[in-house]
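Examining the three-dimensional arrangement
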Amino acid sequence: MTGISIENISRKFGSFQAVDKISLEIESGSLIALLGPSGSGKSTLLRLIAGLETPDSGRIAIAGRDVTHRSVRSRGIGFVFQHYALFKHMTIRQNIAFGLELQKAPKAKVRTKVEALLELVQLQGLGDRYPSQLSGGQRQRVALARTLAVEPQVLLLDEPFGALDAKVRKELRASLRHLHQQVNVTTIFVTHDQEEAMELADRIVVINKGKVEQVGTPAEIYDNPATPFVMSFVGPVN
Ligand code: ADP
Ligand code: MG
């Protein structure tokens, strides 16, 4: 079980309360969207889960283990950001293999795994290309494959498709859904795009001003918005 349990977590920057007593239970294997406007604290919450930020108070447990004061490395987390940071001088295959080689995985195992990952993100045949020869959407799929290569317990994605155009974003949504079905890793996906959250997530966490406004399935949130904020942010477009 790799569920995540967040209890009363808070984080201030100066006098600004970026994350304000958030509690959340995230089920093992689920695909969760953190949805909210810019500046609402989504990235800060994700960074707290990853251990890239330290909370002022509260606790976080992953797979039943309190990790609040544990290092980033010990948390078993894979992180994909908006701006894919692929190694420019390495081929796609080498990029995906990078983490596995750091772990000193046997060569044959690396080879098999990289091919499986290329297939998983639908980039078969492009393994020998360099990042500059790929489109933005393809590069972001390489970033996903590279992150999944080391089998994280939890996958965190911070607006991973944010820099791409609408058509590519749609394709990547389908990719991510497919991938999640195959790998079934507990995934938290940050977005400010309600359509993206509705289409992708098992459950949506709506965040505003550092607080959780509502947690529910896309249908629950759409049909029964709990607050005026949720209604205006997620509700039917007038
Ligand atoms: P979101 O991802 O929802 O856009 P963030 O979590 O990035 O929101 O930021 C929430 C607020 O916290 C923003 O107003 C931002 O300026 C502030 N903030 C985030 N990180 C820092 C930091 N390291 N130092 C100071 N302020 C920060
Ligand atoms: Mg952000």
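For the structure, see preceding data.
Anyway, here's the lowdown on the structure attached to this text. (Residues numbered from 1 in each chain as written. Chains lettered and ligands numbered in written order. Predicted model: local features only at pLDDT ≥ 70, side-chain atom pairs only at ≥ 80, totals over all residues.)

Right, let's get into the nonpolar core. By size, the foremost hydrophobic cluster in this structure holds 63 residues, and its most contacted members are Ile32, Ala33, Leu34, Ala145, Phe189, Val205 and Val206. Of the residues forming this core, the biggest block, 6 residues, is contributed by helix H4 (residues 136-149). If near-sequence neighbours (up to four positions away) are discounted, alanine 145 is found in contact with Ile96, Leu117, Leu118, Leu120 and Val121. (Core = buried A, V, L, I, M, F, W, Y, C linked by C-beta atoms within 7 Å. Buried ≥ 20, exposed ≤ 12 C-beta atoms within 10 Å, placed from the backbone. Helix = DSSP H or I, 4+ residues; strand = E, 2+ residues; numbered from the N terminus. Contact = placed C-beta atoms within 7 Å.)

Attention now goes to unusual backbone geometry. Its identity as a non-glycine residue notwithstanding, lysine 104 has a phi of 60°, on the positive side. Inspection of the secondary structure puts lysine 104 in the loop between helix H2 (92-102) and helix H3 (107-120). Lysine 104 gets classed as exposed once you count the C-beta atoms within 10 Å, which come to 7. Not every positive phi belongs to a glycine, and asparagine 184 is a case in point at roughly 60°. Structurally, asparagine 184 can be placed in the loop between helix H5 (166-183) and strand S8 (186-191).

Here we come to the sheet that holds strand S10 (residues 211-216). The 6 strands are arranged S6-S7-S8-S3-S9-S10 in an open sheet whose pairing can be described as mixed. Edge positions in the sheet fall to strand S6 (77-80) and S10, since each has one partner strand and no second. Between one strand and the next, the sheet's axes are offset by a mean angle of 20°, whatever the strand orientation. As paired strands, strand S7 (residues 154-158) and S8 are joined by 5 bridges and run parallel to one another. Counted as the bridge partner of leucine 157 is phenylalanine 189 from S8. (Pairing = 2+ DSSP bridges. Axes fitted to C-alpha atoms, helices over the stretch in contact; angles between N-to-C directions.)

On to the sheet that holds strand S4 (residues 57-62), then. An order of S2-S1-S4-S5 is seen for the 4 strands of this open sheet, with the pairing classed as antiparallel. The open sheet terminates on both sides in strands that have one partner only, identified here as strand S2 (16-26) and strand S5 (65-66). In terms of strand pairing, S4 meets S5 through 2 bridges, oriented antiparallel. Directly across from isoleucine 62, in S5, lies its bridge partner arginine 65.

All right, on to the site of ligand 1 then. Around ligand 1 sit Phe13, Phe16, Ala18, Gly36, Ser38, Gly39, Ser40, Gly41, Lys42, Ser43 and Thr44, and that is every residue in its neighbourhood. Listed by contribution, the elements that provide at least two residues to the shell around ligand 1 are S2 and helix H1 (42-50). Here the shell around ligand 1 takes 3 residues from H1, the largest share from any one element. Each residue belonging to the shell around ligand 1 can be placed in one class, and the counts come to 3 nonpolar, 7 polar and 1 charged. (Near = placed C-beta within 6 Å. Nonpolar A, V, L, I, M, F, W, Y, C, P; charged D, E, K, R; others polar.)

Next up on the list: the packing of H2 against H3. The geometry of H2 relative to H3 is characterised by a closest axis approach of 10 Å and an angle of 130° between their N-to-C directions. It follows that H2 is oblique to H3 by the angle criterion. As H2 packs across H3, the resulting crossing turns out to be right-handed. Facing Arg93, Ile96, Ala97, Leu100 and Glu101 of H2, the residues of H3 in contact are Val110, Lys113, Val114 and Leu117. In the contact of H2 with H3, the residues fall into 6 nonpolar, no polar and 3 charged. (Parallel < 35°, antiparallel > 145°, perpendicular 65-115°, else oblique. Left-handed = near helix turned anticlockwise from the far one by under 90°.)

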